[in-house]
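The residues making up each chain are set out below.
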Amino acid sequence: MHVGATIRLLRVDAGLSLRDLARRIGVSSAYLSRVENGLDAVPTPERLAAIARELDVPPALLMDAAHRVSPFVAHYLEQVPGASMLLLELARRNLTGKQLARVREFLDMEFPVRAAGQESPIPALASILAPERMVLRLTCTALEDALDVAAGRLAAACPGVSALRLVTELKRREAEASSMVGGGVVVPHAFIEHTAPLAALVTLAKPLPAETPDRVPLQMLVVLVGGERGRAHLMRLAHVSRLASHGLAERLANEDQPQQVLAHLMELEALR
């Protein structure tokens, strides 16, 4: 998994050129291009935070996708050494995702985050998915075939929007810049006016060879449609990339029941 593909995806959708973003964060265009193409090391947490701020997404999203520790977390562990011991205890108990979700519920109830300075909530993927918009273990030979199938499922939930229009918009956007984010996941997306945010999910029976940023064969499509560009859309893209970096495709690869997929997804999202 390399976070450069996610940075490029967000930059394009934010309407920023490579030169614009490089100038804003105080680096050369050549350096940023190498990062986006996976030819340079993952940026430092501080630089990832600067990139995230310019793209208007929470820094934690990019840092988690890159498996980097937030400077905020590092500072906290430095100031409160006992927190490291607590993390060690969690690891020793080998808690499952569901158990960690219970720990988080306790923290939210006993020690709620102050409203001041609190980040905007990450738009949950599970909230815009539905069993009828999942196609599991699809057999196909090309990404275009999977897009056709996903567009058909999404069109059924978009009154007045045909599958042909959806797939045309999805392919047009994909031609502008690849939405491959690594981890076996691609996030095709389209903007259709007056359409509420919706998602379709397609897993593949056999991985497809594709030009993925980390050379992991394509295993899953998370297809997004919505009527508005902006922060919520960018946050959703970054969130899907973060889930991909934590093994989303591998975790769902063998599932054949939509309800189980939703359960796994909600468990993952509860931890992030």
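Please refer to the structure higher up on the page.
Below or above, wherever it landed, is the structure these notes cover. Just so it is clear, the model here is predicted, and its values are computed rather than measured.

All right, on to the overall build of the protein chain then. A count of helices and strands for the protein chain gives 13 helices and 6 strands. A globule of 272 residues ought to have a C-alpha radius of gyration of about 19 Å, and the protein chain, at 19 Å, matches this closely. By principal-axis analysis of the C-alpha atoms, the protein chain measures approximately 55 × 45 × 35 Å. Sorting the 272 residues of the protein chain into buried and exposed places 45% on the buried side. Here the analysis covers contacts within the protein chain between residues at least 6 apart in sequence; of these, 72% occur between residues at least 24 apart.

Attention shifts here to helix α13 (residues 258–270). Along its 13 residues, α13 runs 18 Å from first to last C-alpha, staying within 8% of the 18 Å computed at 1.5 Å per residue. If you follow the buried residues of α13, they end up packed against α8 (97–110), β1 (134–138), β5 (198–208), α11 (231–245) and α12 (248–252).

All right, on to the environment of Leu166 then. Structurally, Leu166 can be placed in helix α10 (residues 163–176). Along the primary structure Leu166 and Leu125 are separated by 41 residues, whereas in three dimensions their C-alpha atoms are 19 Å apart. Filtering out sequence-adjacent residues up to four positions away, Leu166 remains in contact with Ala151, Leu154, Ala155, Val161, Ile192 and Val225.

Core analysis: the largest hydrophobic core is formed by 51 residues, its most contacted members being Leu125 and Val185. For this core, the leading source of residues is α11, giving 7 residues. Beyond its immediate stretch of four places on either side in the chain, Leu125 contacts Ala199, Val222, Leu224, His239, Val240, Leu243, Leu265 and Glu269. Grouped together as the second largest cluster of nonpolar side chains are 28 residues, Val135, Ala150, Ala155 and Val223 included.

The next point concerns the layout of surface pockets. Taken as a whole, the second largest pocket spans an internal volume of roughly 210 Å³. What lines the second largest pocket is a set of 17 residues, and nearest its centre among them are Pro197, Gly226, Glu228, His233 and Arg236. Among the secondary structure elements, those contributing two or more residues to the lining of the second largest pocket are β4 (189–191), β6 (218–226) and α11. In terms of residues, the lining of the second largest pocket owes the most to one element, α11, which gives 4 residues. Class assignment for the residues of the lining of the second largest pocket results in 8 nonpolar, 5 polar and 4 charged.

Phi is mostly negative for residues that are not glycine, and the peptide bonds are mostly trans. The backbone phi angle of Arg137 is positive, close to 60°, even though this residue is not glycine. By the secondary structure assignment, Arg137 is in strand β1. Among the residues examined, Arg137 registers a relative accessible area of 36% and is labelled partly exposed. Its identity as a non-glycine residue notwithstanding, Arg215 has a phi of 70°, on the positive side. Secondary-structure assignment places Arg215 in the loop between β5 and β6. A relative accessible area of 78% places Arg215 in the exposed class.

Criteria and thresholds
Residues numbered from 1 in each chain as written. Predicted model: local features only at pLDDT ≥ 70, side-chain atom pairs only at ≥ 80, totals over all residues. Heavy atoms only, no water. Helix = DSSP H or I, 4+ residues; strand = E, 2+ residues; numbered from the N terminus. Rg over C-alpha atoms; globule rule 2.2 N^0.38 Å. Buried < 20%, exposed > 50% of the residue type's maximum accessible area, 1.4 Å probe, protein only. Contact = heavy atoms within 4.5 Å. Expected span 1.5 Å × (residues − 1). Core = buried A, V, L, I, M, F, W, Y, C linked by side-chain atoms within 4.5 Å. 1 Å grid on protein atoms, 1.4 Å probe; cavity = no way out; pocket = protein on both sides within 12 Å on 5 of 7 lines; lining within 4 Å. Points joined across faces, edges and corners; volume = space filled by probe spheres on them. Nonpolar A, V, L, I, M, F, W, Y, C, P; charged D, E, K, R; others polar.

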